[in-house]
Amino acid sequence: MSEADDSTKAIALQLPSPVQAISPQWRNANCLQLFVKRDDLIHPIVSGNKWRKLAPQLARLSGTRPVHVISFGGGFSNHLHSLSFCCAHNGFRFTAMVRGDYRRNLTPMLRDCERWGSEIRFLTKAEYARRTEEGFINSLKSQNPGATLIPEGGSHPDCLTGMQMLADELTQQIGQVDALFVPVASGGTLAGLAAARGQTKQLIGVAVLKGQQYLESLVEGLLTHNPRKTVNTSYRITHDFHHGGYAKAPHLLKCFCDEHSEQLNLPLEPIYSGKALFAMRQFVESGYFTPGQKVVFLHTGGIQGTRPLV
């Protein structure tokens, strides 16, 4: 049993996550081998790239007591949702630093975190914007001695280890992959896969927010922590499919998600997975790939974040 397995021994995980062959009604699709890596099925709560990124970080804490974890995110954050559940499971104290004030109308995500015993601190947008500043971090550490701070989205250098597991699974399941489409928000998933040893020839990151150069700098910053100091898989980030910005979901994108959820028997939401699959369709239909190539979409979960306020 690995260290990561030991820290979550009572959580029933579906690993490796399955690979699903798809046959969408796209131009050129019948000339290619198209798949979805279903990381959304790893666990009903701790799904997708959240588990991959958090497992090594939680394993590092598993042998110490007491543990206090602090992290950051918005009111619908998949990262905070997964981390809150994991901390409750492991008996860790958890403080969620949340952008915006939801005290009068907690989101479903925040209600779950509260139910799991998390402490919730609401920050103004100005306060939240300082979350990576040295002065803010030092003040937070002085107020919470011994606490472990995990960055927004879980994109910590440890996540490079978690993504190696994913690369290994893909190689064992379907062999060489010509292109892998990955949604990009905090950069950890793309950086980890770029650093991983595997048989993926090209990574195509799909920006889900307006962040040209910003997202590239996040990925490059994480790659500096790669112990091998190499990028094993070439990658690029396309900024053509954010559909107006983070959490923006125009009618066209919503219709795409609804149509393909039904057509492919695949849960999709317009914040992450829908944008990445939309981009994959555009690449396929443009003739970007040659016949016979193996193209994979990584479903990173995140469905909980679309639950409506009640």
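On a predicted model such as this, the values are computed, not experimentally measured, just so you know. Numbering of residues begins from 1 in every chain and follows the order in which that chain's sequence is written. Given that this is a predicted model, residues contribute local features only at a pLDDT of at least 70 and side-chain atom pairs are listed and counted only at 80 or more, while totals for whole chains, interfaces and linings are drawn from all residues. Derived side-chain values reflect all non-hydrogen atoms in the structure, with water molecules and hydrogen atoms excluded from consideration.

A. Layout of the packing of aromatic side chains. Stacked, edge-to-face and tilted labels apply to pairs of Phe, Tyr and Trp rings (six-membered ring for Trp) whose centres lie within 6.5 Å, assigned for plane angles under 30 degrees, over 60, and everything in between, in that order. Taken as a whole and judged by the stated rule, the model has 12 aromatic pairs. Ring plane angle 85 degrees and centroid distance 6.4 Å describe the contact between phenylalanine 76 and tyrosine 102, whose orientation is recorded as edge-to-face. Pair noted here: phenylalanine 76 is in the loop between strand 3 (68–73) and helix 3 (78–90) and tyrosine 102 is in the loop between strand 4 (93–99) and helix 4 (108–115), with a separation of 26 residues, a long-range link. Accessibility here uses a 1.4 Å probe with only protein chains present; expressed as a share of the type maximum, an area under 20% marks a residue as buried, one over 50% as exposed, and anything in between as partly exposed. The partly exposed category is assigned to tyrosine 102, whose relative accessible area is 22%. Geometrically, the ring pair formed by phenylalanine 256 and phenylalanine 278 is edge-to-face, given 5.1 Å between the ring centres and 70 degrees between the ring planes. You can see phenylalanine 256 sitting in helix 10 (residues 251–264) and its partner phenylalanine 278 sitting in helix 11 (residues 273–285), a full 22 residues away along the chain. Overall, phenylalanine 256 belongs to the buried group, its relative accessible area being 3%. These aromatic residues form a ring-pair network of at least three members: Phe181, Phe241, Phe256, Phe278, Phe283, Tyr288 and Phe289. Above the plane of the ring of tyrosine 128 lies arginine 99, whose end atom (NZ or CZ) is 5.1 Å from the centre. The ring of phenylalanine 278 has arginine 281 lying over it, and the distance from NZ or CZ to the ring centre is 5.0 Å. Strands here mean DSSP runs of E at least two residues long; helices mean DSSP runs of H or I at least four residues long; both are numbered from the N terminus. In this scheme, the term charge over a ring applies when either NZ of a lysine or CZ of an arginine sits within 6 Å of the ring centre and within 35 degrees of the ring normal.

B. Spotlight on helix 3. For a helix, the expected span equals 1.5 Å multiplied by the number of residues minus one. Its 13 residues place the ends of helix 3 18 Å apart at the C-alpha level, agreeing with the 18 Å of an ideal helix rising 1.5 Å per residue. Among the 13 residues in helix 3, 11 count as buried, and that is most of the element. Turning to helix 3, its buried residues number three or more, namely Asn78, His79, Leu80, His81, Ser82, Leu83, Ser84, Phe85, Cys86, Cys87 and Asn90. Polar contact is the term for a pair of N or O atoms within 3.5 Å; when the atoms are in protein, one must be able to donate a hydrogen and the other to accept it, and sequence-neighboring residues count only if both atoms are side-chain atoms. Among the residues of helix 3, the N-terminal cap falls to serine 77, whose side-chain oxygen and the backbone nitrogen of histidine 79 are separated by 3.2 Å. One or two residues past the end of helix 3 sits glycine 91, with phi positive at roughly 75 degrees.

C. Spotlight on the pattern of salt bridges. Salt bridges are counted wherever a side-chain nitrogen of Lys or Arg sits within 4 Å of a carboxyl oxygen of Asp or Glu. Per the stated rule, a full pass over the model turns up 13 salt bridges. The salt bridge involving aspartate 178 is made with lysine 201; its shortest N-O contact spans 3.8 Å. Of this pair, aspartate 178 sits in the loop between helix 7 (159–174) and strand 7 (179–184) while lysine 201 sits in the loop between helix 8 (188–195) and strand 8 (202–207), and the two are 23 residues apart along the sequence. Residue classification places aspartate 178 among the buried positions, given a relative accessible area of 14%. Owing to a relative accessible area of 47%, lysine 201 belongs among the partly exposed residues under this scheme. When salt bridges with common partners are traced through the structure, they connect Lys37, Asp39, Arg52 and Glu169 into a single cluster.

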